[in-house]
Amino acid sequence: MERSKNSKNEPSELALPTLVFGTVEVHRLQRELEALEEFMQQAALRSKQQAKAQPELPRVSRLLDALASENQRNLLQAQDRKDLAAFLQRVADQAPTIHMSFATDPSAAFTAKIVSWLRANIHPLVMLQLGLQPSIAAGCIVRTPNRQFDLSLRHRFEAKREVLMNALDGQPLKGAKQ
Amino acid sequence: MTIWWLILILAFILAAGCAFIYVVLKLNKSSGLHTATLAESLQKSAEEDVDHIFNEEFREELRNRGRLHFEKILGENAMFLQQDLRLTTSQLNDYMKQEITKELKEAFANYESAIGDAKQLAVESIEKTKQAIDDQRQAMGMQLEREIAEEKVRRIKRFDAGMAEIINHYVLESIGNQIDLNDQLEYILAELEANKKAIIQDVVNGA
């Protein structure tokens, strides 16, 4: 857990792990971090009274552990916890949310890949909200704050209706092998 | 019958008496007054002989003769009447037959004419009805064909309009459960990449 201060990112350069992709996880991390902060303060008071060394880190969730490790932060350090709390608050306040609907429930690995792509290409703090829409068959529907992008197979069929009609009429398809 | 006989006999007696009186009077006129005494005596003797001549037997004989004659006349008249009656009956039968036949023929002719007229009317009515039915059938057929054509065009249009939805539904029903999201990842990322600029713009502006 402990890393050198030189390798640490600046608070503004902190990144969210792919496991944390929704506002629910962010709020959960905030609550967990607050609880950890209280625990550490109480532990610090107890250690002063009993003249003990620095208290041990209690068991934390996988999300918080991933957040700390990916950002080279030590949860035993008050400043690091403060940085992470500030970062999470900034994420909760400012991070844009993208809603994506799929035909079936996506697996965790699939979600992680999508979130990675979104944070790499769209916005580093983007939050993902998942939805289920079985009628789209394949693909997805993406809703940004002001727009909707229908990337489903249904929309693709509608866009390529002329090709479909030509095929039904018996006309040769463009690019099809004779 | 007895009354008639009696009347006949009395008439006969009366006639005979009148004839006798007439003869006597004639004789008296021719003989003159000088024979008055003779005449009176003859008159007296004649009156006396009347009772002798027209006695009961003679009267009975006259009655029998009159009765027989009357019966003969009656029989002859009855025979003639019977013959006339038979002849009349026969003629009446013939006449009735002719009249009945004539009436029946006229009635049958009238009936036949009426039946013919009714038949003609019925045939004309049937023809008209048949024509009307044919016209109606033709009109309905044309209307049905037109509506079928319109419905066909409408359905084709609807089919064309909903083609994408139909294909999508077909794909969903056919292989919907077999489409894995992991297999779609490449397609989804490609589509996201294609719309990346618009998404970034909206996210930045929206944020």
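Residues numbered from 1 in each chain as written. Chains lettered and ligands numbered in written order. Predicted model: local features only at pLDDT ≥ 70, side-chain atom pairs only at ≥ 80, totals over all residues.

Examining the overall build of chain B
No. 1: Secondary structure summary: chain B contains 6 helices and 0 strands in total.
No. 2: Taken from the N to the C terminus, the helices and strands of chain B come in the order α-α-α-α-α-α.
No. 3: Scored against the burial criterion, the 207 residues of chain B give a buried share of 4%. (Helix = DSSP H or I, 4+ residues; strand = E, 2+ residues; numbered from the N terminus. Buried ≥ 20, exposed ≤ 12 C-beta atoms within 10 Å, placed from the backbone.)

Some remarks on the overall build of chain A
No. 1: The secondary structure content of chain A amounts to 6 helices and 4 strands.
No. 2: Residues classed as buried in chain A amount to 27% of the 178 residues present.
No. 3: Here the contacts in chain A between residues at least 6 apart in sequence split such that 66% fall between residues at least 24 apart. (Contact = placed C-beta atoms within 7 Å.)

Topic: the sheet that holds strand S2 (residues 127–132) of chain A
No. 1: With mixed pairing, the 4 strands of this open sheet are ordered in space as S2-S1-S3-S4 (chain A). Both edges of this open sheet fall to S2 and strand S4 (148–152) of chain A, since each of them pairs with a single strand only. Neighbour to neighbour, the strand axes of the sheet diverge by 20° on average, direction disregarded.
No. 2: Inspection of the sheet shows strand S1 (residues 97–102) of chain A paired to strand S3 (residues 139–143) of chain A by 4 bridges, in the antiparallel sense. Paired with Met 100 of chain A across the strands is Val 142 of chain A, a residue of S3 of chain A.
No. 3: Helix H5 (residues 181–194) of chain B rests against S1, S3 and S4 of chain A of the sheet, and its axis sits at about 45° to S3 of chain A. (Pairing = 2+ DSSP bridges. Axes fitted to C-alpha atoms, helices over the stretch in contact; angles between N-to-C directions.)

Description of the environment of Val 50 of chain B
No. 1: Structurally, Val 50 of chain B can be placed in helix H2 (residues 36–53).
No. 2: The sequence separation of Val 50 of chain B and Gly 17 of chain B amounts to 33 residues, and the corresponding C-alpha distance is 9.3 Å.

Digging into the interface of chain A and chain B
A common way to express how large an interface is: the accessible area buried when the components associate.
No. 1: Between chain A and chain B, the contact holds 33 residues from the first and 28 residues from the second.
No. 2: For the side of chain A that touches chain B, the secondary-structure elements that each account for two or more residues are helix H4 (108–121), S3, S4, helix H5 (153–159) and helix H6 (161–168) of chain A.

A short note on the confidence of the model for chain A
Residues and elements named next belong to chain A.
No. 1: Of the residues in chain A, 85% have a pLDDT of 70 or more, and the chain-wide mean is 79.
No. 2: When pLDDT is averaged over each helix and strand of chain A, the minimum, 76, is found for H6 and the maximum, 89, for S1.
No. 3: Confidence over residues 1–6 falls short of pLDDT 50; this stretch has 6 contacts with residues more than four positions distant or in other chains. (pLDDT = per-residue confidence, 0-100.)

So, unusual backbone geometry
No. 1: One non-glycine residue with positive phi stands out, namely Gln 72 of chain A, at about 50°.
No. 2: Its place among the elements puts Gln 72 of chain A in the loop between helix H2 (62–70) and helix H3 (78–94).

Things to note about the nonpolar core
Proteins that are soluble and globular tend to have nonpolar side chains buried together.
No. 1: Membership of the largest hydrophobic core comes to 40 residues, with the highest contact counts inside it found for Leu 88, Met 100, Leu 118, Val 126, Leu 128 and Val 142 of chain A.
No. 2: The contacts of Leu 118 of chain A, once residues within four sequence positions are left out, are Ile 98, Val 126 and Leu 128 of chain A. (Core = buried A, V, L, I, M, F, W, Y, C linked by C-beta atoms within 7 Å.)

Some details on the packing of H6 of chain A against helix H4 (residues 163–175) of chain B
No. 1: It is at 10 Å that the axes of H6 of chain A and H4 of chain B come closest, and there the two elements cross at 80°. By the angle between their directions, the pair H6 of chain A and H4 of chain B is classed as roughly perpendicular. Each of Arg 161, Leu 164 and Met 165 of chain A in H6 of chain A lies in contact with H4 of chain B, whose residues at this interface are Met 163, Ala 164 and Ile 167 of chain B.
No. 2: Split by residue class, the contact of H6 of chain A with H4 of chain B holds 5 nonpolar, no polar and 1 charged. (Parallel < 35°, antiparallel > 145°, perpendicular 65-115°, else oblique. Nonpolar A, V, L, I, M, F, W, Y, C, P; charged D, E, K, R; others polar.)

Comments concerning the confidence of the model for chain B
Residues and elements named next belong to chain B.
No. 1: On average, residues of chain B score 85 in pLDDT, and 94% of them are at 70 or above.
No. 2: No element of chain B has a lower mean pLDDT than H4, which averages 75, and none a higher one than helix H3 (residues 56–161), which averages 90.
No. 3: Reported confidences for the modelled complex are a pTM of 0.52 and an ipTM of 0.74.

Focus on the pairing of S1 of chain A
Note on strand geometry: in a regular strand, side chains alternate between the two faces of the sheet.
Residues and elements named next belong to chain A.
No. 1: Pairing analysis gives 6 bridges linking S1 to S2, with the strands arranged parallel. In the sheet register, Met 100 faces S2, and the bridge partner there is Leu 130.
No. 2: You can see the chain leave S1, run along H4 and come back into S2, and the turn it takes is right-handed. (Right-handed = clockwise from strand over helix to strand, strands pointing away.)

Describing the pairing of S4 of chain A
Residues and elements named next belong to chain A.
No. 1: By the bridge criterion, 5 bridges tie S3 to S4 in an arrangement that is antiparallel. Across the sheet, residue Gly 139 finds its bridge partner in S4, namely Ser 152.
No. 2: Linking S3 back to S4 in an antiparallel pair, the connection comprises 4 residues.

Focus: the packing of H4 of chain A against H5 of chain B
No. 1: Closest axis-to-axis distance for the H4 of chain A/H5 of chain B pair is 11 Å, and the angle between their directions is 10°. On the basis of the axis angle, H4 of chain A is roughly parallel to H5 of chain B. By crossing handedness, the relation of H4 of chain A to H5 of chain B is classed as right-handed. Mapping the contact onto sequence places Phe 110, Lys 113 and Trp 117 of chain A in H4 of chain A and Leu 181, Asn 182, Leu 185, Leu 189 and Leu 192 of chain B in H5 of chain B.
No. 2: Here the contact of H4 of chain A with H5 of chain B is built from residues that sort into 6 nonpolar, 1 polar and 1 charged. (Left-handed = near helix turned anticlockwise from the far one by under 90°.)

With respect to H5 of chain B
In an α-helix, one turn spans 3.6 residues, which is why side chains three or four residues apart end up on the same side.
Residues and elements named next belong to chain B.
No. 1: The end-to-end C-alpha separation of H5 is 19 Å, in line with the 20 Å expected for 14 residues at 1.5 Å each.
No. 2: When the local axis directions of H5 are compared, the greatest deviation, roughly 30°, occurs at Tyr 187.
No. 3: By the burial criterion, the buried members of H5 are Leu 181, Gln 184, Ile 188, Glu 191 and Leu 192. (Expected span 1.5 Å × (residues − 1). Bend = angle between axes of the 7 residues up to and from the residue.)

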